Amino acid sequence: RYAPNAGILHFGTHAKLEDSDPLLSFLALTPEPEKDQDGYLYAYELYNQPLNAQLAVLTACETGLGTYRQGEGVLSLAHAFRYAGCPSVVYSLWSIDDQQSNWLMDRFYELLWEGLPVSEALRQAKLRYLEAHPDQLAAPFFWGGIVLTGDNLTVEKAGFWASWSWWIFGCLPVLLIVFYLLNRRIR
């Protein structure tokens, strides 16, 4: 419901690649779906969504894998998000370690918030990961599978007017009515 107007979409959940029919690849959104829904977000559903997010982040496993189709590229969940309108998608190429990818994503978002472009935020997050995780956890398996496709943009933060305008313009008529009634009562 909120996805079409979100600035960043992040899915850190389970994903299932259906190589024989890429449109049936999905993100699992809930372990206990409602009666009329299965709890999955399928690739074919994404192709029909008008997503206006600047960035989609898919830290579910194998969200960048799929079948290669001539003229289309790799039909993956990442591809579906791009097709739906997300100009930049960060996704995984293999089964990733949850704990390590969470650490990496925390740094990534800190760097995005500081104003770095997406590719530089991901690069710096990986470098910080390597500094903080020597030895076995420094193997590329833990950090190398998270990549970017699409535009190297700087994510715009919601400014004052974007976040407060509906409060201001929603309350303004109420304040004017209250002012009018108080002014009328005083006379």
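Below or above, wherever it landed, is the structure these notes cover. Values in this document were obtained by computation on a predicted structure and should not be read as measured data.

Across its full length, the protein chain holds six helices and nine strands. Relative to its full complement of 187 residues, the protein chain shows a buried share of 35%. Surface summary for the protein chain: the accessible area is close to 11800 Å², and the carbon and sulfur share equals 56%.

An order of S1-S5-S8-S9 is seen for the four strands of this open sheet, with the pairing classed as mixed. Edge positions in the open sheet fall to strand S1 (8–11) and strand S9 (146–150), since each of these has one partner strand only. Put simply, the sheet's adjacent strands are angled 15° from each other on average, direction ignored. Against the sheet, helix H3 (residues 98–113) makes contact with S1, strand S5 (55–58), strand S8 (88–92) and S9, and its axis sits at roughly 165° relative to S5, the strand it touches most.

Here we come to the sheet that holds strand S4 (residues 40–42). Taken together, the three strands give an open sheet; going across it, the order is S2-S3-S4, and neighbouring strands pair in antiparallel fashion. The sheet is open, and its two borders are formed by strand S2 (14–16) and S4, each paired with just one other strand. The average undirected angle you get between the axes of adjacent strands in this sheet is 20°. Two elements, strand S3 (residues 26–28) and S4, share three bridges in a ladder whose sense is antiparallel. Bridge assignment links Ala-28 to a residue of S4, and that residue is Tyr-40.

Here Val-147 is to be found in strand S9. Separated by 24 residues in sequence, Val-147 and Arg-123 have C-alpha atoms that sit 9.3 Å apart. Beyond its immediate chain neighbours, meaning those up to four positions away, Val-147 contacts Val-89, Val-90, Tyr-91, Leu-93, Leu-122 and Lys-126.

What follows deals with empty space enclosed by the protein. The gaps of empty space that remain are located by a probe, the size of a water molecule, rolled over the atoms. Taken as a whole, this structure holds one cavity of 30 Å³ or more when the rule is applied. Roughly 30 Å³ of internal volume is contained in the largest cavity. Lining the largest cavity are Ala-15, Lys-16, Leu-17, Ser-25, Cys-61, Glu-62, Leu-65 and Leu-77. Grouping the amino acids of the lining of the largest cavity by side-chain chemistry returns five nonpolar, one polar and two charged.

When you line up the elements, Leu-41 lands in strand S4. Between the C-alpha atom of Leu-41 and that of Ala-28, which follows or precedes it by 13 residues, the distance is 6.4 Å.

Among the secondary structure elements, His-133 is positioned in the loop between helix H4 (118–132) and helix H5 (140–143). Taking relative accessible area as the criterion, His-133 reaches 11% and is therefore assigned buried. Polar contacts involving the side chain of His-133 include one to the side chain of Gln-100, which spans 3.5 Å. Among all residues touching His-133, those that are not within four sequence positions of it are Gln-100, Trp-103 and Ala-138.

Thresholds, definitions, all that
- Residues numbered from 1 in each chain as written.
- Predicted model: local features only at pLDDT ≥ 70, side-chain atom pairs only at ≥ 80, totals over all residues.
- Heavy atoms only, no water.
- Helix = DSSP H or I, 4+ residues; strand = E, 2+ residues; numbered from the N terminus.
- Buried < 20%, exposed > 50% of the residue type's maximum accessible area, 1.4 Å probe, protein only.
- Areas by Shrake-Rupley, 256 points an atom, 1.4 Å probe, with all protein chains shown as cover.
- Pairing = 2+ DSSP bridges.
- Axes fitted to C-alpha atoms, helices over the stretch in contact; angles between N-to-C directions.
- Contact = heavy atoms within 4.5 Å.
- 1 Å grid on protein atoms, 1.4 Å probe; cavity = no way out; pocket = protein on both sides within 12 Å on 5 of 7 lines; lining within 4 Å.
- Points joined across faces, edges and corners; volume = space filled by probe spheres on them.
- Nonpolar A, V, L, I, M, F, W, Y, C, P; charged D, E, K, R; others polar.
- Polar contact = N/O pair within 3.5 Å; in protein donor to acceptor, adjacent residues only side chain to side chain.

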